[in-house]
There are 4 protein chains.
Amino acid sequence: MILILKNDCEKAKYEKLTEWIKNLGLEIHCSRGENSTVLGLVGDTSKVDIDLVRSIDIVQSVKRISEPYKKANRKFHPLDTVVDVGGVKIGGGNFVLIAGPCSVESEEQIYSVAESVKKAGATVLRGGAFKPRTSPYSFQGLREKGLKMLLDAAKAVELPVVTEIMAINQLDLFADVDMIQVGARNMQNFELLKELGKTDKPILLKRGMSATIEELLMSAEYIMSEGNENVVLCERGIRTFEHYTRNTLDLSAVPVLQELTHLPIIADPSHASGIARLVEPMSLAAIGAGVDGLIIEVHNAPEKALCDAAQCIRPDEFSALVKKVDALLPVVGKKRK
Amino acid sequence: MILILKNDCEKAKYEKLTEWIKNLGLEIHCSRGENSTVLGLVGDTSKVDIDLVRSIDIVQSVKRISEPYKKANRKFHPLDTVVDVGGVKIGGGNFVLIAGPCSVESEEQIYSVAESVKKAGATVLRGGAFKPRTSPYSFQGLREKGLKMLLDAAKAVELPVVTEIMAINQLDLFADVDMIQVGARNMQNFELLKELGKTDKPILLKRGMSATIEELLMSAEYIMSEGNENVVLCERGIRTFEHYTRNTLDLSAVPVLQELTHLPIIADPSHASGIARLVEPMSLAAIGAGVDGLIIEVHNAPEKALCDAAQCIRPDEFSALVKKVDALLPVVGKKRK
Amino acid sequence: MILILKNDCEKAKYEKLTEWIKNLGLEIHCSRGENSTVLGLVGDTSKVDIDLVRSIDIVQSVKRISEPYKKANRKFHPLDTVVDVGGVKIGGGNFVLIAGPCSVESEEQIYSVAESVKKAGATVLRGGAFKPRTSPYSFQGLREKGLKMLLDAAKAVELPVVTEIMAINQLDLFADVDMIQVGARNMQNFELLKELGKTDKPILLKRGMSATIEELLMSAEYIMSEGNENVVLCERGIRTFEHYTRNTLDLSAVPVLQELTHLPIIADPSHASGIARLVEPMSLAAIGAGVDGLIIEVHNAPEKALCDAAQCIRPDEFSALVKKVDALLPVVGKKRK
Amino acid sequence: MILILKNDCEKAKYEKLTEWIKNLGLEIHCSRGENSTVLGLVGDTSKVDIDLVRSIDIVQSVKRISEPYKKANRKFHPLDTVVDVGGVKIGGGNFVLIAGPCSVESEEQIYSVAESVKKAGATVLRGGAFKPRTSPYSFQGLREKGLKMLLDAAKAVELPVVTEIMAINQLDLFADVDMIQVGARNMQNFELLKELGKTDKPILLKRGMSATIEELLMSAEYIMSEGNENVVLCERGIRTFEHYTRNTLDLSAVPVLQELTHLPIIADPSHASGIARLVEPMSLAAIGAGVDGLIIEVHNAPEKALCDAAQCIRPDEFSALVKKVDALLPVVGKKRK
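### A word on the interface of chain A and chain B
Working step 1: Counting from both sides, the interface comprises 54 residues of chain A and, opposite them, 53 residues of chain B.
Working step 2: Where chain A abuts chain B, roughly 4,900 Å² becomes buried across the two surfaces, and 53% of that area is made up of carbon and sulfur atoms.
Working step 3: Our count for the contact surface shared by chain A and chain B stands at four salt bridges.
Working step 4: Note that Glu-215 of chain A is salt-bridged to Arg-239 of chain B, the shortest N-O span being 2.7 Å.
Working step 5: Those elements that place two or more of their residues in the side of chain A that touches chain B are α1 (11-23), α2 (50-54), α5 (190-197), α6 (213-225) and α10 (305-309) of chain A.
Working step 6: For the side of chain A that touches chain B, the leading source of residues is α6 of chain A, giving five residues.
Working step 7: Considered class by class, the residues forming the side of chain A that touches chain B number 21 nonpolar, 14 polar and 19 charged.

Following this line, the structure appears as structure tokens:
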């Protein structure tokens, strides 16, 4: 960590600051220029509160040299982590295709979608039972009942399952879930992250809508620091001024994350744009950027008036997408199954 | 709600859509132009899932006419809500000054700050016991112990107290807290909001870093829809491309919120900028914009090496700020105490 | 265009508004609900100033139905435009690979890079002579002299050339340039756009750092409305809160633009991230998203101390990238040359 | 400037880098830690291209210590600059009130508004003759004719005048204009800035919609480096994800700019929000934040159907606002006239 001090820094304050740093067990390298003094802090600076240091009177600015995350850091763990979800491998060249409906709506619906996506080539089933909705008046998911339907359907088609948790007190219900998803809105629900860190379940950690890449890694670190290192990151779009798409899928984050961490990274092209027509091009784009997998919403409910009219990805469209995915994977050196 | 349909819309799909709308209990006003058809939906549209409608094949775009929030809506509750926090009124012309340290660090510290801010004119004491920190390696607050210290100090100086909750299972510990704060990172922790809605405690709801004004109101609605209407909103800065300040305090949100809702709105100039020198000008700016109060971090720990060097707002600076606040309030038609 | 009026709208104001609308030659379809009145404006609304209408007292909100751009609109021109740049076709399935140095620095440098990129497969040469730099103290380009060097080198290797213009009074110097680039900072330099619209040169129009997709199309419309329809759009990254990369390449804009307009769209992965290591993955990602070409910075100056140390894309790296590009193009149905 | 090198940095590359730095006339202070090497560059680093340095292979990251602007820098010019616009002083405690219509529409209109705002207390007249419009089909201003009307009206009421320039070739027409405005879209039209720097006219430089505080200062530096130091900065809202208001007025930028520069700073509450009802609260907020003046749009055209219905600030509303402004100024230590 480097501290740049102001040029008119009082001696008494300077001495108090350096004493405080030394008490933290850090060494100081000092170099004085004409207009400013630069302190280099050497040692384990991961515990130094950078916001506190920045607020000190005589400090002009602060810069970290080493990243504040350790267990998620590729520097200390150069090889790709491969996460195993019910026998399906993610990372290290293994590409995963997760698919299923946004919400579990009925037994009939989830069985039908599960069969279709399995047939089309999906290797993990997704489906929402507890739904985080902006409005308290919107459908909040079938909750416990939906979770049971999802697990039954997954068992029937022999696919592992991933579904979202919304609060610590739901954890007991997730005993048979293969992978637990933490949604974008809960990415910094630190109490929840700590509890998930005490389990040994694979965790799918979605990037918050306004989370930086470093914050995403710090949230992974929360889980890992409690002992659970089975974390898969998910880029699902960030909030920007552009409102034509619901969010802006930040695909540059994919190669950046691959440099910084050994954890697998997948993308969610369905939630990012909110426009079904964009799922195919953005899936192919994500593969170009180097993701280790995709999570895609697929619906099929021909019996319902609305869904017949709705332009969501239907099983046949998903099937067509899988063919293109399979044509691309060899070019980027990845394999499925 | 208005639906604009595509100009090449199939008749069968059109009929399924309109049937579905009618089944929701809504009336349809249809007007056909040369290039598009416009459907006006009349009735209680708050339950219509706008994302679902937007995704329908034949729908080009959708626009809400009526706001999706009801209990928080000024249209249905024209008069300002006045929230009572341990005898201190917020809203309807009553200005509140909340002050205290970021974290409770020791008995000595919190008693000393409590006395100072009381003397300077603060009417509510703040202090963090459970701290949401980006890094798992940073100080996480004194938790239960800190909460007890805070309550004791508040009692000693006879100030009501506001402090942050981070998870539902902490709720029992908050029995003696006068006002419960929901932090920016938990603004869309919907399970927590629902539980807080079942209490009768005043809630200080901070705007998420990337939450729109409407999303903030929908989160207030989550609390209110469960029965608790004692909600105070807090603007604390949004995330933008400008990184000179930690966040960008969105003061335009203040008069906008005052049009849309009857709930009181306060501002947090300390967290928004992360720069102590900006607390005074941004406090005065917030008053100009029309806030019903301020929440300000004040430290005093002359015995500690670091804090002596730190440029945080100290009690004497807070005291000077209060004088300027009191000079401004009559100009904007507000009163303190 | 749809106007939603306030529910307490005065009759006199209502009549003045509708009279004004009729004077613009538009028809009005009015439908009155319980809480609001909706006016549908039928006719050529592209001349209606939406900001002005939005500011009218009795108007609650406004929504366009038809897009404000015409010549750039795919609705009125369903087939892909193919732009010809010195014999090289862009769009309609034709993929272009533009490469060259950021700035022209010397004759030796530009000849050497030109030869290398030609050999590796580039079909258009780029290079900056007039450089928009944030600081007045940074190198501003070799200007007229650099432009001559660039044109000579392009002629020698038989490649068409694209280079950036910064002001109207430079236009005469661009007589022999095959394609004129408008940089992100000048995307809304409307006087410049109008002048370029009076020429018949192909224009490469880069998206401004904070320009919406619609604003980019409106800037294209400025050029096209003056008669020049040879416009190629370029996504080069938008400004967001994420600062790990210089800008965030908004690849969702590519399929969105392809729906809205018939103009070709290319991407600039070099400027977007500012990190040379990201050029390859983001190039492949852009192809997955469906671009009609790439513009890539390539340096080679082994004689200079700095550039030897610099991690920029060198000709050999560019050559390796071209091989991967060529492996991907058939999957997305595009061809080069 | 501080360079943090990668820990596996090759010796040969290291030597080439340090040689290159020394050739720029800079001294190097090197300190080696266990995991990284830090180079401190001492001397005039304003000419070092930070983007180039950042792209060097062996460099992990770079941090400026000294600001890249000099003439605009308060460090080298501690006292407030006071800019004189036709006898009206801005800065150094002198508060300016600029008012007038968005566009000059007719002689009658501009004379009438000029008289009204003068009477209400405005000290400078504004009005657009050349209008930057997103759409080529929108009204582009009365141009030369409008400029003449504006100058005549200003003369009649004895107010100095500020109006916007859009291109270098319009400069001759601005001979009698007291202050030339550079709009947000032209903030980085560097060729225009350089030309304005060769005049001695006061320049009103508006912050670009996505310009950082530092970029705004660098644009001021472009003007100042050519000799013209009469620059007034204007905060007019930045582009964020929040779309309830057109832009987000970044008032924190005001006290930040006052630390960094000696130039006066004013705010434009009319353009920032695009909502006339917000002009009053945001004007008062800006004064709380410490601005040296306001620029406000005022219309009066009772004869026109539309404007009668429009909710723009009318002279009587402006007059009421001025009274509140005058009540606030003493609290923040500013004076008008």
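After presenting the structure, the write-up continues.
### A look at the packing of helix α9 (residues 279-289) of chain C against helix α11 (residues 315-328) of chain C
All names here are of chain C.
Working step 1: It is at 10 Å that the axes of α9 and α11 come closest, and there the two elements cross at 20°. By the criterion of interaxial angle, the relationship of α9 to α11 is roughly parallel. The hand of the α9/α11 crossing is right-handed. Here α9 contributes Val-279, Glu-280, Ser-283, Leu-284 and Ile-287 to the contact with α11, which in turn contributes Leu-321, Lys-324, Val-325 and Leu-328.
Working step 2: For the contact of α9 with α11, the class distribution of residues is six nonpolar, one polar and two charged.

### A short note on the sheet that holds strand β1 (residues 2-5) of chain B
Residue and element names in this part refer to chain B.
Working step 1: Read from one edge of the open sheet, four strands run β2-β3-β1-β4, paired in antiparallel fashion. Edge positions in the open sheet fall to β2 (27-32) and β4 (59-63), since each of these has one partner strand only. For this sheet the average axis-to-axis angle between neighbouring strands, irrespective of direction, equals 20°.

### Some remarks on the interface of chain D and chain C
Working step 1: Contact with chain D, which involves 53 residues of that partner, is made by 54 residues of chain C.
Working step 2: Between chain D and chain C, a total of about 4,900 Å² is buried, with carbon and sulfur atoms accounting for 53% of that surface.
Working step 3: Linking chain D to chain C there are four salt bridges.
Working step 4: Taken together, the connections running from chain D to chain C amount to 19 residue pairs in polar contact (both at pLDDT 80 or more).
Working step 5: When residues of the side of chain D that touches chain C are traced back to their parent elements, those giving at least two are α1 (11-23), α2 (50-54), α5 (190-197), α6 (213-225) and α10 (305-309) of chain D.
Working step 6: The element contributing the most residues to the side of chain D that touches chain C is α6 of chain D, with five residues.
Working step 7: Here the residues of the side of chain D that touches chain C sort into 20 nonpolar, 14 polar and 19 charged.

### Examining the pairing of strand β9 (residues 161-165) of chain C
All names here are of chain C.
Working step 1: Judged by how many residues are buried, β9 sits mostly within the fold: five of five residues are covered.
Working step 2: Sheet topology note: the strand β8 (residues 124-126)/β9 ladder contains two bridges and is parallel. Counted as the bridge partner of Leu-125 is Val-161 from β9.
Working step 3: The parallel pair β8 and β9 is bridged by helix α4 (residues 143-157), and the resulting crossover is right-handed.
Working step 4: Relative to strand β10 (residues 179-182), β9 runs parallel, the two being bridged by four bridges. From the neighbouring strand, Glu-164 faces β10, where its bridge partner is Gln-181.

### So, unusual backbone geometry
Working step 1: With phi around 55°, Arg-143 of chain C is a residue other than glycine that occupies positive phi space.
Working step 2: By the element assignment, Arg-143 of chain C lies in helix α4.
Working step 3: Residue Arg-143 of chain C is classed as partly exposed on the basis of its relative accessible area of 23%.
Working step 4: Of note in this structure, Glu-158 of chain D is not a glycine but carries a positive phi near 60°.
Working step 5: In this fold, Glu-158 of chain D is placed in the loop between α4 (143-157) and β9 (161-165).
Working step 6: Residue classification places Glu-158 of chain D among the exposed positions, given a relative accessible area of 66%.

### Let's talk about the relation of the copies chain A and chain B
Working step 1: Turning chain A through 180° and shifting it by 0.0 Å along the axis lays it on chain B, with an RMSD of 0.0 Å. Such a combination of rotation and displacement between the chain copies is what one expects of a two-fold axis. If distances are taken from each C-alpha of chain A to the rotation axis, the shortest is found for Ser-210 of chain A, at 2.9 Å.
Working step 2: Same-surface contact between copies: 98% of interface residues of chain A are shared with the interface of chain B.

### A few points about the pattern of salt bridges
Working step 1: Using the criterion set out here, one finds 80 salt bridges over all chains in the structure.
Working step 2: Glu-191 of chain A is the salt-bridge partner of Arg-143 of chain B, the closest N and O atoms lying 3.0 Å from each other. Highlighted residues: Arg-143 of chain B in helix α4 (residues 143-157) and Glu-191 of chain A in helix α5, drawn from two different chains.
Working step 3: Close ionic contact of Arg-207 of chain B with Asp-250 of chain B constitutes a salt bridge, the shortest N to O distance being 2.9 Å. You can see Arg-207 of chain B sitting in the loop between β11 (203-206) and α6 (213-225) and its partner Asp-250 of chain B sitting in the loop between β12 (231-235) and α7 (253-260), a full 43 residues away along the chain. Asp-250 of chain B carries the same exposure label as Arg-207 of chain B, and that label is buried.
Working step 4: By sharing partners, the salt bridges in this structure join Arg-207, Glu-235 and Asp-250 of chain A together with Glu-242 of chain C into a single network.

Cut-offs and rules
Residues numbered from 1 in each chain as written. Chains lettered and ligands numbered in written order. Predicted model: local features only at pLDDT ≥ 70, side-chain atom pairs only at ≥ 80, totals over all residues. Heavy atoms only, no water. Contact = heavy atoms within 4.5 Å. Buried area = accessible area lost by both parts, 1.4 Å probe. Salt bridge = Lys/Arg side-chain N within 4 Å of Asp/Glu carboxyl O. Helix = DSSP H or I, 4+ residues; strand = E, 2+ residues; numbered from the N terminus. Nonpolar A, V, L, I, M, F, W, Y, C, P; charged D, E, K, R; others polar. Axes fitted to C-alpha atoms, helices over the stretch in contact; angles between N-to-C directions. Parallel < 35°, antiparallel > 145°, perpendicular 65-115°, else oblique. Left-handed = near helix turned anticlockwise from the far one by under 90°. Pairing = 2+ DSSP bridges. Polar contact = N/O pair within 3.5 Å; in protein donor to acceptor, adjacent residues only side chain to side chain. Buried < 20%, exposed > 50% of the residue type's maximum accessible area, 1.4 Å probe, protein only. Right-handed = clockwise from strand over helix to strand, strands pointing away. Least-squares fit on C-alpha atoms with pLDDT ≥ 70 in both.

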